[in-house]
Amino acid sequence: MKINLSGHHVDITDSIREDVTQKFSKIATHFPSLISLDIIIAKEHGEFEVELRTNYEGGRISTSGSDEVMYPAISTAAKKLDAALKHRKGQLKADLHAKPSVTREEIAAEYIQEMKLV
């Protein structure tokens, strides 16, 4: 997975880049079709805001996290992204299940009569 990391009023150091890579390595293994991830770390009004954006299986997913300290903000955003990706994966899997083809009352009544419950 390619991680595009940028900062707004924040210098991106090697330790920040290493922490981000570590946090998102788990997500990369759980979702191998995830190609790239855009991360923007900004500091505004004394608070760090982390924005994550990605495309997963045709759907655009974006999450954010904020905290007074940068590393908990990154962790919060990573947890939200993991939850959003799981939700999207669940939606895709739900579409694969077989749906009832006919639910009209006349046909349902015929099935009940064939069962001979009495």
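Every value quoted in this text rests on a predicted model; they were computed, and no experiment measured them.

Trainee: Kindly report on the packing of helix α1 (residues 14-30) against helix α2 (residues 70-94), identifying the contributing residues and their values.
Mentor: Put simply, α1 and α2 touch, their axes get as near as 11 Å, and they point 20 degrees apart. On the basis of their axis angle, the class for α1 and α2 is roughly parallel. Crossing geometry of α1 relative to α2 is assigned as right-handed. Contacts from Ser15, Ile16, Asp19, Val20, Lys23, Phe24, Ile27 and His30 of α1 reach α2 at Met70, Tyr71, Ile74, Ser75, Ala78, Leu81, Asp82, Leu85 and Lys89. Here the contact of α1 with α2 is composed, by residue class, of ten nonpolar, three polar and four charged.

Trainee: Any details on the pairing of strand β3 (residues 47-56)? Residues and values, ideally.
Mentor: Judged by which residues are buried, β3 turns out to be one-sided: Phe48, Val50, Leu52, Thr54 and Tyr56 face inward and are buried, whereas Glu47, Glu49, Glu51, Arg53 and Asn55, on the alternate face, are not. Looking at chain direction, strand β2 (residues 36-44) and β3 are connected through seven bridges and run antiparallel. Within the sheet, the bridge partner assigned to Asp38 lies in β3 and is Arg53. The antiparallel pairing of β2 with β3 creates a hairpin that spans two residues between the two strands, and His45 there sits at a positive phi of about 55 degrees. In terms of strand pairing, β3 meets strand β4 (residues 59-67) through nine bridges, oriented antiparallel. In the strand pairing of β4, Asn55 is matched with Arg60.

Trainee: Go over the side chain of Asp82, please, and point to the residues and values.
Mentor: Tracing the sequence through the fold places Asp82 in helix α2. A relative accessible area of 13% means that Asp82 is categorised as buried.

Trainee: Pulling in residues and values, what's your account of α1?
Mentor: Its 17 residues place the ends of α1 25 Å apart at the C-alpha level, agreeing with the 24 Å of an ideal helix rising 1.5 Å per residue. The largest bend along α1 reaches roughly 35 degrees and is located at Phe24. Among the residues of α1, Ile16, Asp19, Val20, Phe24 and Ile27 are the ones counted as buried. As for α1, its buried residues are in contact with β1 (2-8), β2, β3 and α2.

Trainee: Let's hear about the sheet that holds β4: which residues, and what values?
Mentor: Taken together, the four strands give an open sheet; going across it, the order is β1-β2-β3-β4, and neighbouring strands pair in mixed fashion. Because the sheet does not close on itself, it has two edges, and the strands there are β1 and β4. Each neighbouring strand pair of the sheet contributes to a mean axis angle of 15 degrees, computed without reference to strand direction. Across the sheet, α1 touches β1, β2 and β3, and the angle it forms with β1 is around 135 degrees. Sheet strands in contact with α2 are β2, β3 and β4, and its direction is about 155 degrees off that of β4.

Trainee: Describe the environment of Ile74, and please don't skip the residues or the numbers.
Mentor: Within the element layout of this structure, Ile74 appears in helix α2. The spatial distance from the C-alpha of Ile74 to the C-alpha of Lys23 is 8.2 Å, given a sequence separation of 51 residues. The residues contacting Ile74, other than those within four sequence positions of it, are Asp19, Val20, Lys23, Phe24, Ile41 and Val50.

About the criteria used
Residues numbered from 1 in each chain as written. Predicted model: local features only at pLDDT ≥ 70, side-chain atom pairs only at ≥ 80, totals over all residues. Heavy atoms only, no water. Axes fitted to C-alpha atoms, helices over the stretch in contact; angles between N-to-C directions. Helix = DSSP H or I, 4+ residues; strand = E, 2+ residues; numbered from the N terminus. Parallel < 35°, antiparallel > 145°, perpendicular 65-115°, else oblique. Left-handed = near helix turned anticlockwise from the far one by under 90°. Contact = heavy atoms within 4.5 Å. Nonpolar A, V, L, I, M, F, W, Y, C, P; charged D, E, K, R; others polar. Buried < 20%, exposed > 50% of the residue type's maximum accessible area, 1.4 Å probe, protein only. Pairing = 2+ DSSP bridges. Expected span 1.5 Å × (residues − 1). Bend = angle between axes of the 7 residues up to and from the residue.

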